[in-house]
Amino acid sequence: MPAVSVRDLRKTFQLKQKAAGLRGSLRALWRPSFQELDAVRGISFNMDEGELLGFIGPNGAGKSTTIKILTGILHPSSGEAEVLGRVPWRQRQELAFQIGSVFGQRPQLWYHLPAVDTFYLFGKIYELDDRKLKGRIAFLAEAFEIEELLETPVRKLSLGQRMRCEVAASLLHRPRVLLLDEPSIGLDVVAKQRLRMTIQRMNDLEGVGVLLTSHDAGDIEALCRRVIIINDGEIVYRDKVSALRRRYLTVKTVDVRYNEQLPPDFALPGVEMVKVGRYGAKMRFDTRVTPVGPVIGGLAAAGSLADVTVSEPSLEEVIGAIYGQAESKDG
Amino acid sequence: MGRQIAFVLALWKTNLLSAMEYRVSFLTQMAGMMLNNAIYFVFWIIFFARFEEVNGWDLVDMLFLFGVVATGFGVGTYLFGNAVRLSLLIASGQMDYYLSLPRPVLLHALASRSNASSAGDCAYGLLSFGAAVYFAGAFDILMLLRFGLGCLAAVTVLISFLVLVQSLTFWIGNTNLLTSNAFNAIVTFSLYPITLFDGTAKLLLFTLIPAAFIGALPAEFVRRFDLAQLAQICAGSAIFLFLATFVFYRGLRRYESGSAIQVRT
Ligand SMILES: Nc1ncnc2c1ncn2[C@@H]1O[C@H](COP(=O)(O)OP(=O)(O)O)[C@@H](O)[C@H]1O
Ligand SMILES: [Mg+2]
């Protein structure tokens, strides 16, 4: 049995439109006016026990909405979903004992209190035995390297420190599935790296399944074996992360600047010149066709280098490429 | 039941820890609220100095009334502080937090905040009750019991009323203005001598704006035992509690969360 199964799930939001003031409120009672917005349009997928599954997509794609349905926060408009054999919006409380959730944009730690106070409150909420809770806190504090942070009021922690405390809090009751919605939002590279490591570690140690959403493909690449890409409420791609990398993350963009002027006909074999200026150029090449080595060598040979930036395609470009392919297959 | 009691006690303890961070503002808010109530009561002292009584209500009745109402408001908004912010919590998507934890959502949300100014109300209410007992010249342990029960009823109906009004948020979006109007109405009407009203106005105070259950009814009951009043108080509390719970959970199915960035305070 999969840990999470979703069939043709849909969610339409009704955006309430209401005139301001008391009169507007009363009128809205009699004659509400709505505008509809399809946030999730019929998605289906499975996640296995203990799997690390990535869910990526640009802002507004419907990731958070999906996660909220799976935790029982939102009722779907139609379709089916089961998490650990339970229908989230019907068996919300039962399910909540078995899963953990973290929303990057919605902290659960009490802002003015040290994290450890929220941990103890969660202990009562989850009905954990006091002695076991102490042991669990000590274990998680070490795993997440937050021993020194637990006694500090949460408002004084950095975002990265806070997020590690958040994830630790969601694991107090040993959930079998963890739903993480953009846990890395706003974090710097180092903090992101650290968070990814701890999530990986808890998956190794306790086999907790993790459904992770992000709009940063890097999170998914680092953590997940399988990825689902969602755009505009629909699944546009699903496969192993390695396949995604092989197929779509092979196009590199290079920005280069020189200390001296470039010849106007500057070119390299197998590289598409996007723009050539007097002191620099922007170009693109596919590593499956043109290996990286010769390109960098060619750039160095062309003159005295001032700066080079090599970048991978953004998630938007990957999704664009996937769409392009789907269309050419259809046509 | 026992499970939920242990849980709510833990919540209240956490609220207290959170309030300790602001001891100074706690004390000033408490003193401010007591002063506020006292000034309002002076108006009634002047009023009754001229008229002696209104259809059978005298100044001692007013002392009992203020005793029950202020204690009820104080205890209610201290233990269930989010009762005055429910609309905001619903409209801004902050119910997400309560929905993702394995506890009854309404109870969890209501008990997750304590208002500092409530302590002022509570202290004032107890003083007023003390004064009422002194001037009435009659006291026994049963009166204390009746006071406890009266305050419990006031808390129940007050919180239920606030929940009912703000549950409208599920259907029509933020109801800030409606909420503050309803709150002012219930405070104002529960602190009036009920004998001022009759007919439709009185009916309103038992239904749409159930101020009678928060003020006059329990206050009269505290002063002298009356079986019919006891039955009314219990029935009223049960009905409003049921209605509030029913309407809230009906609305919760329509809850649409929110996507704004949030801070938990
Ligand atoms: N509570 C809500 N009410 C109305 N519209 C919403 C609500 N939450 C999300 N939406 C809309 O639904 C779409 C999907 O949002 P969301 O699931 O938050 O996307 P993501 O998490 O992928 O950024 C967006 O267009 C968003 O504006
Ligand atoms: Mg989101």
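Preceding block: the structure.
(A) Up close: the site of ligand 1. Lining the immediate environment of ligand 1, one finds 16 residues, of which Gly60(A), Lys63(A), Ser64(A), Thr65(A) and Glu256(B) sit closest. Neighbouring residues of ligand 1 are distributed over chains A and B. In this structure, an oxygen atom belonging to ligand 1 sits 3.0 Å away from a main-chain N or O atom of Gly62(A). Thr65(A) has a polar side-chain atom sitting 2.5 Å from an oxygen atom of ligand 1. Burial of ligand 1 by the protein amounts to 79% of the accessible area it has alone, namely 550 Å². When contributions to the shell around ligand 1 are tallied by element, the ones reaching two or more residues are strand E1 (4-17), strand E2 (33-47) and helix H2 (63-71) of chain A. The greatest single-element share of the shell around ligand 1, amounting to 3 residues, is contributed by H2(A). Considering only residue class, the shell around ligand 1 consists of 6 nonpolar, 8 polar and 2 charged.

(B) Structural context of a positive patch on the surface. Residues and elements named next belong to chain A. Together, Arg225, Lys240, Arg246 and Arg247 make up a region of like positive charge exposed at the surface. Along the polypeptide, Lys240 turns up in strand E9 (residues 234-240). Given the relative accessible area of 41%, Lys240 is considered partly exposed.

(C) Quick look at the sheet that holds strand E12 (residues 280-286) of chain A. Residue and element names in this part refer to chain A. Taking strand neighbours across the sheet as the criterion, the 4 strands line up as E11-E12-E10-E13 in an open arrangement whose pairing is antiparallel. The open sheet has two free edges, formed respectively by strand E11 (272-276) and strand E13 (305-311), since each of these has just one partner strand. Neighbouring strand axes in the sheet, compared pairwise and without regard to direction, differ in orientation by 15° on average. The sheet contact formed by strand E10 (residues 251-258) and E12 spans 7 bridges and is antiparallel. Within E12, the residue paired with Asp255 across the bridge is Lys282.

(D) Expanded view of the environment of Val308(A). Residues and elements named next belong to chain A. Within the element layout of this structure, Val308 appears in strand E13. Judged by its relative accessible area of 36%, Val308 falls in the partly exposed class. For the pair Val308 and Tyr258, spaced 50 residues apart in sequence, the C-alpha to C-alpha distance is 9.0 Å. Setting aside anything within four residues of it in sequence, one finds Val308 in contact with Val254, Asp255 and Val256.

(E) Quick look at helix H10 (residues 176-190) of chain B. The end-to-end C-alpha separation of H10(B) is 21 Å, in line with the 21 Å expected for 15 residues at 1.5 Å each. Residues of H10(B) that are buried include every one of Leu178(B), Thr179(B), Ala182(B), Ala185(B), Ile186(B) and Ser190(B), and no others. End-on, the buried residues of H10(B) take up no more than an arc of 130°, which puts them together on one face. Of the surrounding elements, those touching the buried residues of H10(B) are helix H1 (21-30) of chain A together with helix H3 (59-79), helix H4 (86-91), helix H8 (141-167) and helix H12 (211-214) of chain B.

(F) Spotlight on a nonpolar patch on the surface. All names here are of chain A. On the surface, Val292, Ile296, Leu305, Val308 and Val310 cluster together into a nonpolar patch covering about 350 Å² of accessible area. If you list the elements that add at least two residues to the nonpolar patch, you get helix H10 (292-301) and E13. With 3 residues, the single largest contributor to the nonpolar patch is E13. Residue classification places Ile296 among the partly exposed positions, given a relative accessible area of 37%.

Reading the values: rules and limits
- Residues numbered from 1 in each chain as written.
- Chains lettered and ligands numbered in written order.
- Predicted model: local features only at pLDDT ≥ 70, side-chain atom pairs only at ≥ 80, totals over all residues.
- Heavy atoms only, no water.
- Near = heavy atom within 4 Å.
- Polar contact = N/O pair within 3.5 Å; in protein donor to acceptor, adjacent residues only side chain to side chain.
- Areas by Shrake-Rupley, 256 points an atom, 1.4 Å probe, with all protein chains shown as cover.
- Helix = DSSP H or I, 4+ residues; strand = E, 2+ residues; numbered from the N terminus.
- Nonpolar A, V, L, I, M, F, W, Y, C, P; charged D, E, K, R; others polar.
- Patch = residues over 30% accessible without salt bridge, like charges linked within 9 Å, V, L, I, M, F, W, Y side chains within 5 Å.
- Salt bridge = Lys/Arg side-chain N within 4 Å of Asp/Glu carboxyl O.
- Lys, Arg positive; Asp, Glu negative; His and termini not counted.
- Charge placed at Lys NZ, Arg CZ, Asp CG, Glu CD.
- Buried < 20%, exposed > 50% of the residue type's maximum accessible area, 1.4 Å probe, protein only.
- Pairing = 2+ DSSP bridges.
- Axes fitted to C-alpha atoms, helices over the stretch in contact; angles between N-to-C directions.
- Contact = heavy atoms within 4.5 Å.
- Expected span 1.5 Å × (residues − 1).
- Arc of directions from axis to C-beta.

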